[in-house]
Amino acid sequence: MAMQRYQCLPCGHIYDPAEGDPASGIPPGTAFELLPDTWSCPDCGAIKADFEPIND
């Protein structure tokens, strides 16, 4: 089963758990809910609260 993807509201960046965020040290397979509270959008710097789930 695929994990939920999230989209950054300010810039549209998509966090895909299957890819993670290697540039920020987040390995593939990391669910959005498990990202540290200090994690921010790699494109615009928005905080986690600025992301919402994508309904695929």
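Quick caveat, the model's predicted, so the values are computed rather than measured.

## Digging into the sheet that holds strand 3 (residues 51–53)
Then, in step 1: Across the sheet, which stays open at both edges, the 3 strands sit in the order 2-1-3 with antiparallel pairing between neighbours. Looking at strand neighbours, the two that pair on one side only are strand 2 (14–15) and strand 3, the edges of this open sheet.
Then, in step 2: Relative to strand 3, strand 1 (residues 6–8) runs antiparallel, the two being bridged by 3 bridges. Bridge pairing links C8 to F51 in strand 3.

## Concerning the state of the cysteines
Then, in step 1: Scanning the model with the defined rule gives 0 disulfides in all.
Then, in step 2: Unpaired in terms of disulfides, C41 finds its nearest cysteine sulfur in C11, a separation of 3.7 Å.
Then, in step 3: Unpaired in terms of disulfides, C44 finds its nearest cysteine sulfur in C8, a separation of 3.7 Å.

## Overview of the UniProt feature "binding site: Fe cation" (unreviewed entry) in the protein
Then, in step 1: When the UniProt feature table is mapped to this numbering, "binding site: Fe cation" (unreviewed entry) covers C8, C11, C41 and C44. A maximum C-alpha distance of 8.9 Å is found for the annotated residues, which run over 37 residues; spatially they form one tight group.
Then, in step 2: Along the chain, C8 falls in strand 1.
Then, in step 3: Taking relative accessible area as the criterion, C8 reaches 1% and is therefore assigned buried.
Then, in step 4: Among all residues touching C8, those that are not within four sequence positions of it are H13, C41, C44, A46, D50 and F51.
Then, in step 5: Note on placement: C44 falls in the loop between strand 2 and strand 3.
Then, in step 6: Look past the residues within four positions of C44 in its chain and what remains in contact with it is C8, P10 and C11.

## Examining the side chain of T30
Then, in step 1: Relative to the elements of secondary structure, T30 occurs in the loop between strand 2 and strand 3.
Then, in step 2: A distance of 2.8 Å separates a polar side-chain atom of T30 from the backbone oxygen of P27.
Then, in step 3: T30 has contacts with M3, Y15, P17 and L35, leaving out every residue within four places of it along the chain.

Calculation notes
Residues numbered from 1 in each chain as written. Predicted model: local features only at pLDDT ≥ 70, side-chain atom pairs only at ≥ 80, totals over all residues. Heavy atoms only, no water. Pairing = 2+ DSSP bridges. Helix = DSSP H or I, 4+ residues; strand = E, 2+ residues; numbered from the N terminus. Disulfide = S-S within 2.5 Å. UniProt positions renumbered as here; feature names shortened; annotations may be inferred. Buried < 20%, exposed > 50% of the residue type's maximum accessible area, 1.4 Å probe, protein only. Contact = heavy atoms within 4.5 Å. Polar contact = N/O pair within 3.5 Å; in protein donor to acceptor, adjacent residues only side chain to side chain.

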